[in-house]
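So you can see what is in the structure, the chains are spelled out below.
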Amino acid sequence: MKAGELAAALGLQLRGADVEISAAVPLEAAQPGTLSFVSAPRYLAMLERVAPSCLIVPAELAEQVPCPALISSNPPADFARALTILHPPYRPSPGIDPTARIAPGARIGPDASIGAFVVIGAGVTIGARAVIHPLVTIYPDVRIGDDFLCHSHVSIREKVVIGDRVVLHNNCVIGSEGFGFVEVQGGLAKIPQVGNVVIEADVEIGANTTIDRATVGSTWIRRGVKLDNIIHIGHNCEIGAYSRFAALTGIAGSTKIGEWCEIGGQTGVADHVTIGDRVRIAAQSGIPGNIGSNVTVSGAPAIEIRRWRRQMAAYVRLPELVNRIRALERKVGLSKTAPED
Amino acid sequence: MKAGELAAALGLQLRGADVEISAAVPLEAAQPGTLSFVSAPRYLAMLERVAPSCLIVPAELAEQVPCPALISSNPPADFARALTILHPPYRPSPGIDPTARIAPGARIGPDASIGAFVVIGAGVTIGARAVIHPLVTIYPDVRIGDDFLCHSHVSIREKVVIGDRVVLHNNCVIGSEGFGFVEVQGGLAKIPQVGNVVIEADVEIGANTTIDRATVGSTWIRRGVKLDNIIHIGHNCEIGAYSRFAALTGIAGSTKIGEWCEIGGQTGVADHVTIGDRVRIAAQSGIPGNIGSNVTVSGAPAIEIRRWRRQMAAYVRLPELVNRIRALERKVGLSKTAPED
Amino acid sequence: MKAGELAAALGLQLRGADVEISAAVPLEAAQPGTLSFVSAPRYLAMLERVAPSCLIVPAELAEQVPCPALISSNPPADFARALTILHPPYRPSPGIDPTARIAPGARIGPDASIGAFVVIGAGVTIGARAVIHPLVTIYPDVRIGDDFLCHSHVSIREKVVIGDRVVLHNNCVIGSEGFGFVEVQGGLAKIPQVGNVVIEADVEIGANTTIDRATVGSTWIRRGVKLDNIIHIGHNCEIGAYSRFAALTGIAGSTKIGEWCEIGGQTGVADHVTIGDRVRIAAQSGIPGNIGSNVTVSGAPAIEIRRWRRQMAAYVRLPELVNRIRALERKVGLSKTAPED
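Residues numbered from 1 in each chain as written. Chains lettered and ligands numbered in written order. Predicted model: local features only at pLDDT ≥ 70, side-chain atom pairs only at ≥ 80, totals over all residues. Heavy atoms only, no water.

Some remarks on the overall build of chain A
Helix and strand counts for chain A stand at four helices and 38 strands. For 341 residues, the compact-globule formula gives about 20 Å, and the C-alpha radius of gyration of chain A, at 26 Å, lies well above that figure. Over its C-alpha atoms, taken along the principal directions, chain A stretches across nearly 85 × 70 × 30 Å. The buried share of chain A, taken over its 341 residues, is 60%. (Helix = DSSP H or I, 4+ residues; strand = E, 2+ residues; numbered from the N terminus. Rg over C-alpha atoms; globule rule 2.2 N^0.38 Å. Buried < 20%, exposed > 50% of the residue type's maximum accessible area, 1.4 Å probe, protein only.)

Some points on the interface of chain C and chain B
On the side of chain B, 66 residues touch chain C, which itself brings 62 residues to the contact. In total, chain C and chain B occlude about 5,100 Å² of area from one another, counting both sides; carbon and sulfur atoms represent 64% of this. When residues of chain C are sorted by the area they lose upon contact with chain B, Tyr90, Phe117 and Tyr315 of chain C head the list and together hold 10% of the total. Counting across the interface, chain C meets chain B through five salt bridges. Counting every contact that joins chain C to chain B gives 26 residue pairs in polar contact (both at pLDDT 80 or more). Broken down by secondary-structure element, the contributors of at least two residues to the side of chain C that touches chain B are α2 (75–86), β26 (226–227), β29 (244–245), α3 (305–316) and α4 (318–332) of chain C. Considered class by class, the residues forming the side of chain C that touches chain B number 32 nonpolar, 19 polar and eleven charged. (Contact = heavy atoms within 4.5 Å. Buried area = accessible area lost by both parts, 1.4 Å probe. Salt bridge = Lys/Arg side-chain N within 4 Å of Asp/Glu carboxyl O. Polar contact = N/O pair within 3.5 Å; in protein donor to acceptor, adjacent residues only side chain to side chain. Nonpolar A, V, L, I, M, F, W, Y, C, P; charged D, E, K, R; others polar.)

Remarks on the sheet that holds strand β1 (residues 13–15) of chain A
Residue and element names in this part refer to chain A. The five strands are arranged β1-β5-β4-β3-β2 in an open sheet whose pairing can be described as mixed. What marks the edges here is a single partner per strand, and that holds for β1 and β2 (23–24). The strands that helix α1 (residues 3–10) touches are β1, β3 (34–37), β4 (54–57) and β5 (69–71); relative to β5, the one it contacts most, it runs at about 15 degrees. Strand contacts of helix α2 (residues 75–86): β2, β3 and β4, with the helix running at about 155 degrees to β3, the strand carrying the most contacts. (Pairing = 2+ DSSP bridges. Axes fitted to C-alpha atoms, helices over the stretch in contact; angles between N-to-C directions.)

Examining the interface of chain B and chain A
Across the boundary between the two partners, chain B contributes 62 residues, which contact 66 residues of chain A. Area buried by chain B at its contact with chain A is led by Tyr90, Phe117 and Tyr315 of chain B, which between them contribute 10% of it. Connecting chain B to chain A are five salt bridges. A salt bridge links Lys190 of chain A to Glu204 of chain B, with the shortest nitrogen-to-oxygen separation between them at 2.3 Å. When residues of the side of chain B that touches chain A are traced back to their parent elements, those giving at least two are α2 (75–86), β26 (226–227), β29 (244–245), α3 (305–316) and α4 (318–332) of chain B. Here the side of chain B that touches chain A gets ten residues from one element, more than from any other, and that element is α4 of chain B. Across the side of chain B that touches chain A, the residue classes tally to 32 nonpolar, 19 polar and eleven charged.

Considering the relation of the copies chain B and chain A
The two copies are related by a screw motion: chain B maps onto chain A through a turn of 120 degrees and a shift of 0.1 Å along the axis, at an RMSD of 0.1 Å. This pairing of chains is accounted for by a three-fold axis. (Least-squares fit on C-alpha atoms with pLDDT ≥ 70 in both.)

Let's talk about the sheet that holds strand β4 (residues 54–57) of chain C
Residue and element names in this part refer to chain C. Here five strands make up an open sheet; going across it, the order is β1-β5-β4-β3-β2 and the pairing mixed. In this open sheet, the two strands that pair with only one neighbour each are β1 (13–15) and β2 (23–24). Here β2 pairs with strand β3 (residues 34–37) via two bridges, running parallel. What sits directly across from Ala24, in β3, is Leu35. Where helix α1 (residues 3–10) meets the sheet, it contacts β1, β3, β4 and β5 (69–71), and its direction lies at approximately 15 degrees from that of β5. Relative to β3, α2 is tilted by about 155 degrees, and along the sheet it contacts β2, β3 and β4.

A short note on the packing of aromatic side chains
One pass over the structure, following the stated rule, counts 18 aromatic pairs over all chains. Between the aromatic rings of Phe117 of chain A and Phe117 of chain B, the centroid separation amounts to 5.0 Å while the plane-to-plane angle is 70 degrees, which identifies the pairing as edge-to-face. Taken together, the residues Phe117 of chain A in the loop between β9 (113–114) and β10 (119–120) and Phe117 of chain B in the loop between β9 (113–114) and β10 (119–120) connect one chain to another. The burial state of Phe117 of chain A is the same as that of Phe117 of chain B; both residues are buried. A ring pair is formed by Tyr315 of chain A and Tyr315 of chain C, whose centres lie 5.9 Å apart and whose planes are at 90 degrees; its orientation type is edge-to-face. Within this pair, whereas Tyr315 of chain A is found in helix α3 (residues 305–316), its partner Tyr315 of chain C is found in helix α3, the two belonging to separate chains. By relative accessible area, which is 11% here, Tyr315 of chain C ends up buried. Aromatic ring contacts, followed pair by pair, group Phe117 of chain A, Phe117 of chain B together with Phe117 of chain C into a single cluster. (Phe/Tyr/Trp six-rings, centres within 6.5 Å; stacked < 30°, edge-to-face > 60°.)

Notes on the confidence of the model for chain A
Residues and elements named next belong to chain A. Summary statistics for chain A give a mean pLDDT of 94 and a share of 98% for residues scoring 70 or more. Note on residues 337–341: pLDDT is under 50 here. Beyond four places in sequence and across chains, it has ten contacts. For this predicted complex, the interface confidence reaches an ipTM of 0.92, while the overall pTM sits at 0.94. (pLDDT = per-residue confidence, 0-100.)

Quick notes on the environment of Leu149 of chain A
Residue and element names in this part refer to chain A. As for its position among the elements, Leu149 is in strand β15 (residues 149–150). Judged by its relative accessible area of 22%, Leu149 is partly exposed. On a C-alpha basis, the gap between Leu149 and Asp164 in space is 9.7 Å, while along the polypeptide they are 15 residues apart. Setting aside residues up to four positions removed in sequence, Leu149 forms contacts with Val131, His133, Val166, Val167 and Leu168.

Remarks on the pairing of strand β21 (residues 187–190) of chain C
Residues and elements named next belong to chain C. Bridge analysis of strand β20 (residues 181–184) against β21 gives four bridges, and the strand direction is antiparallel. Pairing of Val182 across the sheet is with Ala189, part of β21. In sequence, β20 turns back onto β21 through a hairpin of two residues, with Gly186 there showing a positive phi of about 75 degrees.

What about α1 of chain C?
Residue and element names in this part refer to chain C. Residues of α1 that are buried: Ala3, Leu6, Ala7 and Leu10. Here the buried residues of α1 occupy an arc of 105 degrees about the axis, which is enough to place them on one side. Of the surrounding secondary structure, the elements contacted by the buried residues of α1 are β1, β3, β4, β5 and α2. Following α1 by one or two positions, Gly11 has its phi on the positive side, about 70 degrees. (Arc of directions from axis to C-beta.)

Put into structure tokens, the structure is as follows:
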């Protein structure tokens with residue numbers, strides 16, 4: 001592909017020669033024939049070691065790169081678009097596979113691609129242009145919007161509601177039953193989980209992630225939320241718009257998380273907690289209680305991150321602190337109090 | 001539904017008017033037309049803000065609620081039963097889907113519902129009234145009791161034994177192979193995992209949870225155990241009756257956990273550990289060694305919870321403790337020992 | 001089976017009577033009719049309580065066991081081989097199930113066993129003697145070597161490359177899309193994940209584990225790697241040969257781990273980290289930065305394990321340390337500084 005064609009496809013201006021581009025790659029792997037991007041001056045030094053044929057750059061850096069440039073106000077976003085043009089993702093061909101089991105009365109919008117052995121229950125409605133890979137189960141009475149993309153082995157439980165442009169990755173489970181039991185004479189009785197899950201538009205859910213249906217009412221995943229792989233969202237949670245969670249994170253039941261939050265991997269949030277907007281939580285944190293908006297926290301229990309850094313600095317010196325206490329005790333004649341050393 | 005009808009169905013006494021009830025909801029969402037429950041006096045204050053049409057209450061609170069009441073000795077358990085009556089869960093219709101692949105010689109009990117594309121291997125026996133959702137794989141020689149409920153995309157490996165009234169949620173794996181390798185000249189040889197998994201009656205296993213088969217013998221899940229989503233149980237473990245584990249917990253191989261334990265989410269238990277009965281473990285704990293019965297622990301490594309609270313109280317003050325040590329050193333003329341501050 | 005037959009099958013020498021063996025069991029469960037193994041003198045004491053009919057032992061212990069012995073230079077490895085002979089694992093019969101959906105042009109090697117409802121996309125090539133259990137999805141353009149063993153409900157995404165003798169356990173996902181988004185005016189744009197995953201020979205991947213495809217290039221799992229259940233490997237990672245990871249571990253994107261590493265369960269490794277060869281990481285560790293070769297670490301953030309043990313020893317005494325500081329303050333007249341106690 002010519003740089004000029006790509007510029008036109010992206011709506012960007014090309015500065016320099018109309019070179020040939022065959023692949024888009026990260027800057028550290030750039031070589032002749034490839035496109036990459038530079039978003040800030042600190043990455044310019046890397047251009048002494050690599051030689052892309054073309055770069056997506058902000059206008060103020062265009063003069064400083066040694067190759068043709070596409071001028072962009074958001075280089076990472078335009079690079080993402082270029083990736084899709086240069087490396088179009090696999091999409092199955094349209095049409096409904098003859099082995100798919102679609103219940104009478106289920107309604108599938110136009111231009112759908114439904115793979116082999118997909119099972120769609122009674123009362124399901126799906127919007128236009130759905131792509132459903134093989135071996136997906138959609139239980140009855142599910143409602144799904146337009147441009148749905150669903151990978152193989154996904155389970156969508158009864159009565160789940162899904163908005164437009166939602167992407168579900170392989171083996172995720174939407175609407176599994178929440179975990180609630182009460183003790184009854186000598187045993188445990190299950191609290192029925194009769195609610196559902198509502199997933200708004202532009203949400204993406206990772207592989208092997210599970211989102212439990214509400215006990216009563218709805219577990220709610222707001223617009224634009226992005227969940228990585230192997231995440232657990234408990235019953236009756238609400239996850240605010242555009243929040244992103246990394247892998248292996250768990251959110252216990254009835255917790256409410258605000259908009260534009262970022263949660264690191266393997267973090268746990270307790271039940272019935274409220275977290276504000278634009279909260280950043282470091283990986284492996286534990287959140288036992290409420291957090292306001294616009295803070296960054298770390299640790300278990302998580303605290304404001306600068307305080308956490310001071311705490312960790314003291315923590316890693318604990319053996320020295322013990323020695324210093326012992327020296328103090330000797331100095332003042334209290335050393336008899338330390339036989340356990 | 002009339003409150004009187006519901007009272008009769010539950011075997012409870014109705015005190016007050018025979019009001020109409022259309023839904024069961026948590027107390028905080030109660031409004032006219034709904035049923036909720038109050039289990040203790042401390043929840044009565046909430047009735048100033050919400051207005052259920054009917055409440056399930058213990059006898060001693062019946063006079064203190066401003067609406068008709070169903071008298072119960074266990075309000076949460078009776079509310080759970082009311083939920084099922086007012087919101088009956090989805091159950092597929094009986095019958096064996098013509099696409100199900102059932103091996104010759106497999107025996108399925110009466111009144112089963114077997115979904116599309118279910119695969120049942122040779123030598124499998126399943127009791128009465130099984131409900132198996134679509135796209136489930138049951139390997140050969142599995143034995144399953146009555147009233148089995150199995151959601152889509154579950155894998156049950158060869159020779160697994162499952163008791164009555166067991167519930168398996170979507171995508172869980174029962175009898176995957178344990179993780180055991182030995183070093184042999186320049187490589188790793190697998191230790192074959194030739195045992196199985198035994199799941200007793202009334203067990204419920206969450207979505208995307210995996211239970212490994214024993215190397216030799218059986219991994220054993222005792223009666224009434226409840227496992228949440230995305231839990232890992234290693235080979236040769238034994239989980240005692242009525243124990244409950246929250247999501248993302250992992251139990252390493254050959255560990256034995258007693259009855260009526262409760263384990264919080266993201267907890268890890270080492271291999272070859274023995275834990276007693278009625279042990280409560282806080283979320284995100286790490287259990288490196290044995291624990292007796294009737295204790296509550298927290299932390300990694302986990303310790304008795306009151307001691308853990310004292311430890312955390314000191315931990316969060318560590319930066320101040322460093323300052324106090326430094327002040328002491330200055331006071332007694334030892335400050336030269338602290339150049340690393 | 002006679003001990004002599006087993007000796008011949010294993011290529012080992014039998015010392016003692018040609019006894020009958022019906023099962024292979026761990027030493028603690030040994031009884032007449034069973035085979036077990038002893039790898040070191042410290043296990044000999046157990047032979048006072050158990051009575052195997054035959055033992056696999058190193059030559060130097062052969063005279064010290066009270067039963068016939070098979071002489072081995074690696075008893076655990078030869079015991080593993082004996083397990084497979086005495087307890088042959090289930091293998092489905094060869095042949096391609098008529099319900100399998102194999103795209104025209106996909107090439108399957110000789111002697112394959114392909115289960116019911118398996119879906120194999122266009123352009124897929126699979127080597128000789130593959131065993132693919134039911135309900136597996138292989139997306140287009142996947143290349144797989146000889147002796148592939150794939151359990152039910154696995155998803156292998158487009159363009160993944162898999163070597164010889166690879167084993168994939170139930171419900172794992174190979175080649176799911178990495179987690180990358182950039183903020184664009186008021187929303188989040190996905191960074192397309194156009195790379196793939198390469199899995200070399202002799203790799204084994206656990207149930208419900210996910211391995212993300214590279215953004216560009218390949219996520220690389222080197223020869224002989226063994227991953228337990230419910231593990232997450234991020235995009236563009238490289239895992240070195242013969243490294244083993246326990247369950248619920250997560251590796252963030254672009255991290256490189258060396259050869260022969262062992263990582264305990266529930267460990268997290270940050271993105272863009274490099275870890276050397278033969279590194280051992282204790283369970284529940286957190287790895288924020290690079291680690292050299294040949295070290296054992298623990299903790300979060302992980303440190304060298306002897307230092308970590310000293311730190312933990314001080315940590316568990318923190319409440320006592322507070323008391324000692326307070327005693328020092330009283331002694332030297334600084335107690336006014338401690339009102340917060």
